[in-house]
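# Observations on chain architecture
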Amino acid sequence: MGVERSDLSDEEWEALQRLNRGAPEADLIPPLMRRLLLELGLAVERPARLVISDRGKKLIRLHRDDRR
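My aim in this report is to walk through the structure given alongside it, one point at a time. (Residues numbered from 1 in each chain as written. Predicted model: local features only at pLDDT ≥ 70, side-chain atom pairs only at ≥ 80, totals over all residues. Heavy atoms only, no water.)

### Some details on the pattern of salt bridges
A full pass over the atoms with the stated rule returns 5 salt bridges. Between glutamate 14 and arginine 21 there is a salt bridge, with its nearest N and O atoms 3.1 Å apart. The partly exposed category is assigned to glutamate 14, whose relative accessible area is 31%. Residue class for arginine 21 comes out partly exposed when judged on its relative accessible area of 43%. Of the charged contacts in the structure, one is a salt bridge between arginine 49 and aspartate 27, with a shortest N-O distance of 3.1 Å. Here aspartate 27 lies in the loop between helix H1 (10–21) and helix H2 (31–39) and arginine 49 lies in the loop between strand E1 (43–45) and strand E2 (50–52), a separation of 22 residues in the sequence. In the salt-bridge network here, residues are joined through shared partners; they are Glu14, Arg18, Arg21 and Glu25. (Salt bridge = Lys/Arg side-chain N within 4 Å of Asp/Glu carboxyl O. Buried < 20%, exposed > 50% of the residue type's maximum accessible area, 1.4 Å probe, protein only. Helix = DSSP H or I, 4+ residues; strand = E, 2+ residues; numbered from the N terminus.)

Below, the structure written as structure tokens:
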């Protein structure tokens with residue numbers, strides 16, 4: 001089952017957007033939020049850092065113009 005925008009809190013959504021923007025913003029995501037994004041499949045662990053997954057990128061693209 002996939003994750004939808006409505007499944008994420010505003011804080012989780014902001015963390016996903018920070019991850020999408022990359023460093024240095026992605027490095028400011030708290031550890032708990034990082035783990036949550038990993039568990040939801042919206043992020044993947046790379047040797048150097050956490051990066052947004054294809055699923056996360058798709059979710060961002062789908063809701064790019066949403067103004068919540």
